[in-house]
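One letter stands for each residue in the lines below.
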Amino acid sequence: RETSGRNLAKVTQPTDPFLTLAFPTQGPNIIPADIIFIVKEKLHPRFRRENDDLFFVNSIPLGKALTCCTVEVKTLDDRLLNIPINDIVHPKYFKKVPGEGMPRPEDPARKGDLFIFFDIQFPTRLTPQKKQMLRQALLT
């Protein structure tokens, strides 16, 4: 759009990891030329983004994976979500949290979803007593 003789571009969020912006420059006594910016999306240490959705991997001990738990997720806007997991968490399990992803470009009041995946941590050793308890609980 043009404001006070200047061309401005508004970018709410890139849809690709690389976004190219070109600004045509022209006017009296100015040779027409383009100014090109290439914007690269920086990876986030906790979240992965696909379009408007966010993906988060949470480590969870095997005991909590089998007996339910609450997952704490600190959001990009510094809120702390407490997500109850009432199912048995298996390696392909994930939890969808609607409306906790990135704002949608066409309607920033609406957001994508947050998907929580789990990295189940197995114990490295068990005492004979614990092995026996697990056999009784899981195999009978």
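Residues numbered from 1 in each chain as written. Predicted model: local features only at pLDDT ≥ 70, side-chain atom pairs only at ≥ 80, totals over all residues. Heavy atoms only, no water.

The protein chain goes by DnaJ heat shock protein family (Hsp40) member B13 in an unreviewed UniProt entry, where it is assigned to Catagonus wagneri.

1. Considerations on the overall build of the protein chain
Keep this limit in mind: Note on conventions: DSSP H or I runs of at least 4 residues are helices, E runs of at least 2 residues are strands, and numbering of each starts at the N terminus. Each residue's exposure class comes from its accessible area (1.4 Å probe, protein chains only) as a fraction of the maximum for that residue type: buried when under 20%, exposed when over 50%, partly exposed otherwise. Contacts are assigned to residue pairs with any non-hydrogen atoms lying within 4.5 Å of each other. Using the Shrake-Rupley algorithm and a 1.4 Å probe, accessible areas are obtained, with residue cover drawn only from the displayed protein chains.
Per the secondary structure count, the protein chain includes 2 helices and 12 strands. Seen in sequence order, the protein chain has helices and strands lined up from the N terminus as β-β-β-β-β-β-α-β-β-β-β-β-β-α. Across the 140 residues that make up the protein chain, the buried fraction comes to 22%. Summarising the internal contacts of the protein chain: among those between residues at least 6 apart in sequence, 41% fall at separations of at least 24. Carbon together with sulfur atoms contributes 57% to the accessible area of the protein chain, which is approximately 10,900 Å² in total.

2. Describing the side chain of N58
Here N58 is to be found in strand β6 (residues 53-61). Taking relative accessible area as the criterion, N58 reaches 15% and is therefore assigned buried.

3. Comments concerning the state of the cysteines
Structurally, a disulfide amounts to a covalent bond that connects the sulfur atoms of two cysteines. Worth spelling out the cut-off: The disulfide definition used here is simple: a pair of cysteine sulfur atoms within 2.5 Å.
For the coordinates displayed, the defined rule picks out 0 disulfides. Counting only cysteine sulfurs, C69 is the nearest neighbor of C68, a cysteine outside any disulfide, at a range of 7.4 Å. Residue C68 is classed as partly exposed on the basis of its relative accessible area, which comes to 32%.

4. Describing a nonpolar patch on the surface
Under the convention used in this document: Residues forming no salt bridge and having over 30% relative accessible area are the ones grouped into patches, like charges within 9 Å of each other and nonpolar side chains (Val, Leu, Ile, Met, Phe, Trp, Tyr) within 5 Å. When a carboxyl oxygen of Asp or Glu is within 4 Å of a side-chain nitrogen of Lys or Arg, the pair counts as a salt bridge.
Nonpolar side chains collect at one region of the surface, where L66, I88, L126, L134, L138 and L139 lie side by side and expose about 560 Å² of accessible area between them. Counting residues per element, the nonpolar patch draws most heavily on helix α2 (residues 128-139), at 3 residues. Within the element layout of this structure, L66 appears in helix α1 (residues 62-67).

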